[in-house]
Amino acid sequence: MCKNKEYLPKRGRCRGHSSYITHLDWTEDSSSLHSTCGAYELLYWDGTTGKQITSGASAFRDEKWATWTCTLGWPVQGIWPMNADGTDINSVDRSHSQIDKGYQLLALGDDFGKVRVFRYPCLKKGAESIEGVGHSSHVTNVKFSFDDKMIFSAGGEDNCVFQWKVV
């Protein structure tokens, strides 16, 4: 908690989701952000005012994002398995750097105890992935290390944190 209220002044309030916020990401220039919620809405916002940008899906299709943690959106449409509902994928995290063939990686934690890694962007339905198995139940979160050499995953019921080497 900050004692000096002017230290971080409020810039705006993003209003529009019909449920709790699950993920959010900023554009590389910090001018805009997008967020997802428990009702599986993907909404876009002006980063200065907090006003919703209703044309966001088309306006931001080719935008460069500083991070990607939203489970919904154009570059992650291929991560969803057949017959999946919105609760099957709990988290995603995009790598910070590109690998030698010009693409990035996307780690995913799901309800089936798996950590999966895709090429990013992942546009094709049923895209191939590498699966890591170890958690005894759902994986609540995944994160790349700052240098993209490791992926960390947090399990739900098993109360474990796993460290996966990216090779």
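Above this text sits the structure in question.
Q: So what's going on with the side chain of Ser-35? Residues and values would help.
A: Structurally, the position occupied by Ser-35 is in strand 2 (residues 32-37). For Ser-35, the side chain forms a polar contact with the side chain of His-17, separated by 2.7 Å. When neighbours within four sequence positions are excluded, Ser-35 is seen to be in contact with His-17, Ile-21, His-23, Leu-24, Glu-41, Leu-42, Leu-43, Trp-45 and Cys-70.

Q: How would you explain the packing of aromatic side chains if you had to name every residue and give the values?
A: This structure, assessed with the given rule, holds six aromatic pairs. Each ring, one from Trp-68 and one from Tyr-120, has its centre 6.3 Å from the other, and the planes form 50°; the classification is tilted. With Trp-68 in the loop between helix 1 (56-59) and strand 4 (89-94) and Tyr-120 in strand 6 (residues 114-120), this pair connects stretches of sequence that are 52 residues apart. Across the pair, exposure class does not vary: Trp-68 and Tyr-120 are buried alike. On the basis of an interplanar angle of 45° and a centroid distance of 5.8 Å, the ring pair of Phe-162 and Trp-164 is categorised as tilted.

Q: Account for the layout of surface pockets, with residues named and values stated.
A: Sizing a probe to match a water molecule and rolling it over the atoms shows the empty space that remains. Looking at the largest pocket, its volume works out to about 460 Å³. In this structure, the largest pocket is lined by 23 residues; those nearest its centre are Glu-63, Lys-64, Trp-65, Pro-75 and Tyr-120. Of the volumes computed, that of the second largest pocket is approximately 360 Å³. Around the second largest pocket sit 17 residues that line it, and Leu-105, Val-117, Ile-130, Val-166 and Val-167 are the ones nearest its centre. Elements that contribute at least two residues to the lining of the second largest pocket include exactly strand 6, strand 7 (130-133) and strand 10 (161-165). With four residues, strand 6 is the single largest residue contributor to the lining of the second largest pocket. Its residues placed into classes, the lining of the second largest pocket shows eleven nonpolar, two polar and four charged.

Q: Explain the sheet that holds strand 1 (residues 21-26) to me, using residue names and the numbers behind them.
A: Reading across the sheet, the three strands line up as 1-2-3 and stay open at both edges, with antiparallel pairing between neighbours. The outermost strands of the open sheet, each flanked by one partner alone, are strand 1 and strand 3 (42-46). Adjacent strand axes in the sheet meet at a mean angle of 25° when their direction is disregarded. Two elements, strand 2 and strand 3, share five bridges in a ladder whose sense is antiparallel. Opposite Thr-36, over in strand 3, you have Leu-42 as the bridge partner.

Thresholds, definitions, all that
Residues numbered from 1 in each chain as written. Predicted model: local features only at pLDDT ≥ 70, side-chain atom pairs only at ≥ 80, totals over all residues. Heavy atoms only, no water. Helix = DSSP H or I, 4+ residues; strand = E, 2+ residues; numbered from the N terminus. Polar contact = N/O pair within 3.5 Å; in protein donor to acceptor, adjacent residues only side chain to side chain. Contact = heavy atoms within 4.5 Å. Phe/Tyr/Trp six-rings, centres within 6.5 Å; stacked < 30°, edge-to-face > 60°. Buried < 20%, exposed > 50% of the residue type's maximum accessible area, 1.4 Å probe, protein only. 1 Å grid on protein atoms, 1.4 Å probe; cavity = no way out; pocket = protein on both sides within 12 Å on 5 of 7 lines; lining within 4 Å. Points joined across faces, edges and corners; volume = space filled by probe spheres on them. Nonpolar A, V, L, I, M, F, W, Y, C, P; charged D, E, K, R; others polar. Pairing = 2+ DSSP bridges. Axes fitted to C-alpha atoms, helices over the stretch in contact; angles between N-to-C directions.

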